[in-house]
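Per-entry structural report
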Amino acid sequence: MRKLGAPADSGPLAAQLHGGIADLAFVEALTPSVDSIAGQVRLDATAEGTVGHPRVAGGLEIDNTAVRLPIAGVLYHDIKVRAIGDQSGLLTLSGQARSGVGQLTLDGKSPVRPTKNEPGHLQIRRQNFEAIHTPAVHSNVSPDLHIALTGVRTLCPVRHHSTTPALQSSQY
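To keep things clear, this report deals only with the structure shown in the data block. None of the values given here were measured: they were computed from a predicted structure.

Parameters and conventions
- Along every chain, residues carry numbers that run from 1 in the direction the sequence is written.
- Residues qualify for local features only when their pLDDT is at least 70, as the model is predicted, and side-chain atom pairs are given and counted only at 80 or more; totals for whole chains, interfaces and linings, by contrast, use all residues.
- Only hydrogens and water are set aside when side-chain values are computed; all heavy atoms of the structure are taken into account.
- Helix and strand definitions here come from DSSP, where helices need a minimum of 4 consecutive H or I residues and strands a minimum of 2 consecutive E residues; each element is numbered from the N-terminal end.
- The contact rule is simple, with two residues in contact once any of their heavy atoms fall within 4.5 Å.
- The criterion is simple. A nonpolar core is a set of buried Ala, Val, Leu, Ile, Met, Phe, Trp, Tyr and Cys residues joined through side-chain atoms within 4.5 Å.
- Accessibility here uses a 1.4 Å probe with only protein chains present; expressed as a share of the type maximum, an area under 20% marks a residue as buried, one over 50% as exposed, and anything in between as partly exposed.
- Between rings of Phe, Tyr and Trp, where Trp is taken as its six-membered ring, a pair exists when centres lie within 6.5 Å; planes separated by under 30 degrees are stacked, by over 60 edge-to-face, and by other angles tilted.

1. A short note on the environment of P54
Following the sequence through the fold, P54 ends up in strand 3 (residues 54-69). As for P54 and P111, which are separated by 57 residues in sequence, their C-alpha atoms are 9.1 Å apart. In this structure, P54 is in contact with L13, E48, G89, V112 and R113, ignoring residues within four places of it in sequence.

Okay, here's the thing in structure tokens:
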């Protein structure tokens with residue numbers, strides 16, 4: 001038995017997680033920022049090892065999802081996200097979404113617990129992705145971003161580097 005307050009990093013980990021959500025419409029009741037949402041979430045994963053060094057197989061999938069954000073005046077649709085572990089301690093991340101005439105794609109790999117010495121890396125590519133479409137502002141974004149995940153908690157936890165900056169905004 002571990003003493004209360006003792007670090008849990010060396011504690012054994014053995015878990016099986018299976019489930020899903022067939023309809024995400026309940027999210028509408030949780031936040032006024034979303035006026036409609038549809039889609040599914042599936043979880044099928046096992047975790048082994050220790051709390052400090054978990055190994056995950058299987059993962060999480062979000063599919064056939066669309067969400068309307070009235071404050072931004074946009075509908076994000078054709079949303080698909082996958083985070084899949086392969087027992088080596090790495091997660092493979094992939095995803096896509098569409099908005100307006102544009103598309104956003106996500107690809108990357110990350111340790112389950114990224115660190116400065118073993119960071120995770122995400123590549124986000126956006127091509128004419130409609131971020132905002134309101135009477136006051138219309139903004140399509142196209143920069144590619146590389147994000148390093150270090151597990152360090154700061155006021156700004158994500159550092160990014162834009163390789164092809166492009167922001168098109170217009171005011172009506």
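The structure having been displayed, the exposition proceeds.
2. With respect to the nonpolar core
Core analysis: the largest hydrophobic core is formed by 13 residues, its most contacted members being I37, V67, Y76, I79 and F129. Breaking this core down by element, the ones donating at least two residues are strand 2 (36-50) and strand 4 (74-86). By residue number, the principal contributor to this core is strand 4, which donates three residues. If near-sequence neighbours (up to four positions away) are discounted, F129 is found in contact with Y76, A97, R98, S99, G102, Q103, L104, S139, N140 and V141.

3. Focus: the packing of aromatic side chains
Applying the stated criterion across every chain yields a total of one aromatic pair. Aromatic side chains Y76 and F129 sit 5.4 Å apart centroid to centroid with 5° between the ring planes, which places their arrangement in the stacked category. Of this pair, Y76 sits in strand 4 while F129 sits in strand 8 (residues 129-133), and the two are 53 residues apart along the sequence. Since its relative accessible area comes to 16%, Y76 is described here as buried. Here F129 falls in the buried class, since its relative accessible area comes to 8%.

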